[in-house]
Structures are given as C-alpha cells and as structure tokens.
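Read off the chains here:
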Amino acid sequence: MTVSTDAEWFKTAVFYEVLVRSFADSNNDGIGDLKGLSSKLDYLQWLGIDCLWLPPFFPSPLRDGGYDVADYTGVLPELGTVDDMRDLLTATRERGMKVIIDFVMNHTSDAHPWFQASRSDPSGPYGAFYVWRDQPEEYLDARVIFIDSISSNWSFDEVRGQYFWHRFYAHQPDLNFESPRVLEEILDAVRFWLELGVDGFRLDAVPYLIEQDGTNCENLPGTHEILKKVRKVVDEEFPGKIMLCEANQWPNEVIEYFGDDDECHMAFHFPVMPRLYLGIREGSRASISQILADTPAIPPGCQWGTFLRNHDELTLEMVTEDERQYMWSEYAPDPRMKCNLGIRRRLAPLVDGDRRRIELLHGLLLALPGSPVLYYGDEIGMGDNIWLQDRDGVRTPMQWTEGPGAGFSSAEVDTFPYPLIDSPGYGPEVLNVAAQQADPASLLHWLRDTLAIRRDRPVFGRGDFTDLGGADAVFSFVRSLEGTVVVCVNNLSATAQSVELDVSAWSTSAADVIYGSPAELTLDAELLRLSLAPYAFCWINLGGSGDA
Ligand code: BGC
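Residues numbered from 1 in each chain as written. Predicted model: local features only at pLDDT ≥ 70, side-chain atom pairs only at ≥ 80, totals over all residues. Heavy atoms only, no water.

A.B. asks: Let's hear about the site of the ligand: which residues, and what values?
C.D. replies: Residues in close proximity to the ligand include Asp 64, Tyr 67, His 107, Phe 146, Phe 168, Gln 172, Arg 202, Asp 204, Glu 246, His 311, Asp 312 and Arg 391, which together make up its full environment. In the environment of the ligand, an oxygen atom lies 2.5 Å from a nitrogen or oxygen atom belonging to the side chain of Glu 246. Side-chain polar atom of Arg 391 to an oxygen atom of the ligand: 2.9 Å apart, as the coordinates give it. Across the complex, the protein chains shield 96% of the 310 Å² of accessible surface that the ligand would expose by itself. Across the shell around the ligand, the residue classes tally to three nonpolar, three polar and six charged. (Near = heavy atom within 4 Å. Polar contact = N/O pair within 3.5 Å; in protein donor to acceptor, adjacent residues only side chain to side chain. Areas by Shrake-Rupley, 256 points an atom, 1.4 Å probe, with all protein chains shown as cover. Nonpolar A, V, L, I, M, F, W, Y, C, P; charged D, E, K, R; others polar.)

A.B. asks: I'd love a proper account of the packing of helix H9 (residues 272-282) against helix H13 (residues 355-367), names of residues and values included.
C.D. replies: Direction vectors running N to C along H9 and H13 enclose 135°, while the axes themselves pass 11 Å from each other. By the criterion of interaxial angle, the relationship of H9 to H13 is oblique. Once H9 is placed against H13, the crossing between them reads as right-handed. Note on element contacts: H13 touches H9 through Arg 357, Leu 360, Leu 361 and Leu 364, opposite Leu 276, Tyr 277, Ile 280 and Arg 281. Classifying every residue of the contact of H9 with H13 gives six nonpolar, no polar and two charged. (Axes fitted to C-alpha atoms, helices over the stretch in contact; angles between N-to-C directions. Helix = DSSP H or I, 4+ residues; strand = E, 2+ residues; numbered from the N terminus. Parallel < 35°, antiparallel > 145°, perpendicular 65-115°, else oblique. Left-handed = near helix turned anticlockwise from the far one by under 90°. Contact = heavy atoms within 4.5 Å.)

A.B. asks: Explain the sheet that holds strand E4 (residues 132-133) to me, using residue names and the numbers behind them.
C.D. replies: The strand order E4-E6-E5 describes an open sheet built from three strands, whose pairing is antiparallel. Of all the strands in the sheet, the pair left with one neighbour each is E4 and strand E5 (154-157). (Pairing = 2+ DSSP bridges.)

A.B. asks: Quick one: what's the story with the sheet that holds strand E12 (residues 338-339), residue by residue and with numbers?
C.D. replies: Backbone hydrogen bonds hold the strands of a sheet together, and the pairing may be parallel or antiparallel. Across the sheet, which stays open at both edges, the three strands sit in the order E11-E13-E12 with antiparallel pairing between neighbours. At either margin of the open sheet sits one strand with a lone partner, and together these are strand E11 (314-315) and E12. Here E11 pairs with strand E13 (residues 342-343) via two bridges, running antiparallel. Note that in E13 the partner of Thr 315 across the bridge is Gly 342.

A.B. asks: Got a sec to walk through the nonpolar core? Specific residues and values, please.
C.D. replies: Residues Tyr 16, Leu 54, Met 85 and Trp 539 are the most contacted members of the largest nonpolar core, which totals 158 residues. Ranked by the residues each element gives to this core, the list is headed by helix H6 (residues 180-196), at nine residues. (Core = buried A, V, L, I, M, F, W, Y, C linked by side-chain atoms within 4.5 Å. Buried < 20%, exposed > 50% of the residue type's maximum accessible area, 1.4 Å probe, protein only.)

A.B. asks: I'd like a rundown of the pattern of salt bridges, residues and numbers included.
C.D. replies: Scanning the entire structure with this criterion turns up 39 salt bridges. For Asp 64, the salt bridge identified is with Arg 391, shortest N-O distance 2.8 Å. A residue pair is termed long-range when its members are at least 10 positions apart, and Asp 64 in the loop between strand E2 (51-54) and helix H4 (82-94) and Arg 391 in the loop between strand E14 (371-375) and helix H14 (433-437) qualify at 327 residues. Overall, Asp 64 belongs to the buried group, its relative accessible area being 5%. Measuring nitrogen to oxygen at the nearest pair gives 3.3 Å for the salt bridge that ties Arg 275 to Glu 323. Of this pair, Arg 275 sits in helix H9 while Glu 323 sits in helix H11 (residues 321-331); the two residues are 48 residues apart in sequence, bridging distant segments of the chain. Across this residue pair, the class does not change: Arg 275 and Glu 323 are buried. One salt-bridge network, held together by shared partners, links Asp 64, Asp 312, Asp 390, Arg 391, Asp 392 and Arg 395. (Salt bridge = Lys/Arg side-chain N within 4 Å of Asp/Glu carboxyl O.)

Shown next, in the form of structure tokens:
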C-alpha cells in the first residue's frame, strides 16, 4: 500500500482519534502504549481509517489527560519511547495511513522545566516565558473555561511572589507569546516531530495564545500572526504536513484560522456538532440548516474537521442559552452528566444505544462538508462511566474481546488507567470488537461498509454543499463535484416521512441509491420523491453518472 502523495489528502481522509493510554497494552503493565497501538493498525486499516490523531503522549503529570505537557519532545515512559513513535510512523506509512499528533502551544504543565525556571529565576532565560503580573488586574474580560473547577484565570505563585495567567487549570500556566523566544522553542519542537515523520498537528486551544486588556483575549490578531509563522515553517521546511486547529468558536471567528490559505489547513467545526444531536432530538433541521447557512466559504486549500464526539465533554459552548438548556434537559437528565458547559457522555449512550440514531448521526457526519474525525470505541458503540472524574468517563479502555481485561491488557484490571465499562449492555462481555467483526450485521461492519461507500466518492470530501430546504423534520442537501451530484436525505424524526425535493438545478436523468432503502423513490419533472423510515437516511446519485 502506498501513502497518498496528494498534498490535499486531508480533504478526503477519515480521521480517528485514539488515546494511546486506553487503546492497547503491549507490555502488560495495565497501560496502553505506542507498541500496543502499532499492533492494532491492521484493524484500523480494515475499518477504513486514513489518519490517526494522537492526543498528547508526552511526559506529563497527567493532571489534564496529558494536555499538561512537561516536555514537548519526549514520550511519557509508560507509553513508550521516541523510537516506538518512529516505529509507529513507519508501520502506519506501510499501510498507507498517516498520523497527526496533538501540539499544546498555549500552555505547559507547571512541572515543565521552563515554568520551574521562570518561577525561581525571574531575570533568567525563562523569566519571561509565562505571563506574570504583580496583581491579577488585567484581562478580566476573559471568561473562565473550566467553570466546574476554577474561578479565576490568575493564580498566585509563592516562589516568584507574582500571579501567573492560565486559561485552563492553575497547573497549566499560559506561555507568553509576546516573548519571541517562546515561539522559537515551540518551532523547534514542531520541527522535531515533523522530522520524525508525523504528518501534522492538531493544535490545541489556539484562540488563547495572545492576551490583550479590554478584550475577551480570544482570536486576537497577534494569535493569528503566531499561527501564520508556524504555517510558514511547516510549508517551507515540511511541505505537505498539515495543521488542524481546535478553536471552539463561532463560524465567522473560526474561518479566520484558515487565513488566506496561509494559516491552518483544517479547523474543527464546533457549532455544527451539538446541533446534530439537537436536530435528532427535536426532529427538526432548523438549527443545523441555520448554522451551515451562517458558515462562510473557506479558502480553496482548506477543509473542515467534523466530529460527533471526542475525548472532552460534548461541548455546548457554541449554542444559544435556550439550546444549551434543551440539550442538558434531554441528554443530561442526571446532573452528574453535566461537565463544564457540556455533557460527559459517549455517543451510543447519548442516544440510548439506538442503532438507527447512531447510524443517522454517522450518516450526517460522513455526508456533511468536512473530513470526519471518529473517536475510538464509537465504532462499536462503546459506553461511558459518568462517575469517573472530569472527562475520564469517555476515556476508558478499548473493548477488544469479551475476556478478562477486554483484550486491552492482560494485567490485573485494577492497574488500568480507568476501569472497564460495566454498565448493563455496554460491558466487554456483550460489546467488543471481536464479536462485532464476526457479525456482518454489527455496527462495526455497518460503519466499515458506509466508510467504503464514502471512500469511493470524493464528492463527499471535496464537493459543494447545497441545503435543499423543505420539510423541517427532514434534512436534505446536495453534495456536488464536477458533474457528480449526490442528494443526501436524513429523516431526523421518530416518524416516517415523505419528501418531494426540487432537484431541477442539477442534471437528473436517473436516481441511483448508493446508500439506504428509501421507499417510493421516483424522479419525474425534476422532482425527487421518496419516503424514509424513522431516523433513516439515504444517499442518491443523480444523473446516473457516479464518480467511483
Ligand atoms: C483539550 C482538552 C484540554 C484543554 C486544555 C482542550 O481543548 O481538548 O482536553 O483539557 O485543551 O489543554
């Protein structure tokens, strides 16, 4: 298998976020590791994954899932070594797959040697690496993000006798990008991983790089300047490598992170994600249609990253207050399910394990503009454990087999980073990869087959998007690319629906179903008529052209 040489490979790729710690343990110490992940690449290739996204695996006190980095160019020993990472990159390349890794530019752990030096030696080489003030009086218009745990973005350091700035936990001091040396160090770490062979970065928490009094300290021009400098280094020294930004912002703010094709190649589309869950609960496309209408066009070399779940809470930052209350009341009936401004649950339990709704959500994910980013375990409908601390309930060990340790590790289960899921219907004895691989009717096979349909049709990755409007309970849209036209029809409601869609804007000599089983499908006088069962979706190729 050869690796794609297409510089725009990310536009048609399917991404898969995998927590190394929780995926597979190769040395039976109870903790997933890089070698364990390498041993599962055949599975990921079989599933149809093009690119892995590895959240932080660097040395870290692990007080924020590794997003508290203590060394940007090392590997946390319990996860392996830099050589293991090199081996993983070789093994993925051999399978035609790519790897992007998290890069946490905004802050370090307080255990990072830079912070330790900054506290103890204010006039030394690292003295200005962080944002220090005598009084916590500046930047007071910046919101607190982890509202469940902290009340201020300033904390006092006894050693230096000053306050330091942090947008997340108090053990995650923000780097001071006003100091040019900080960016130089960051760029050296970027080069280190690109030289090792990673295909790019998921850039964590980028809206907060620069602070400015009197603003909310998000998305400031200086922040964009820093990212453009990073992009310049990537383009000049490592062409073809990508930057995917995590900016949990409204569409008009996020598109600034693409720059003029000179900033990030990709950005997550945060606002559309909760609206998919909202849409299938309300049985209404209104909120989804609205946010997509509010999403500006992006530069030609860029792509959205879309997702249903990830390692964090299902964030409700990018919805209205009414929508947030509705989401909480419908999807977080137990107060413990709430986490910050979001919900600490996995995809399958959110929809009561209902296969139709799991499939519909994936149908939307795979057909909407953007490259889908799957979250490990969701391909088998894994459950969660809301009683674990913070967001750990969605980070539990992958369930490979029904045996003890779920095939994740043969160590004693009490050595695992997080306990195995044991809620009824979701434990490894009933829900695991091996059982689903053996069952052609399983969710896992369904997803694999559906990914294969998408893989053959670049229109899903690169095509234009047109919302067809119409009935509120059915979200119908067209993806089109160079003569290929695919109509995607999604019944968001719990009742059967019939629709009549005006497709006169496209050539319509024939309508071929490429996914789904719509009833009463007819095409006449350029009207497409069909019926869909509750929560069913279908993809229809118009004109009989196909683009496989
Ligand atoms: C990551 C979180 C992390 C935070 C602070 C986020 O955006 O996804 O998991 O806690 O950044 O680094």
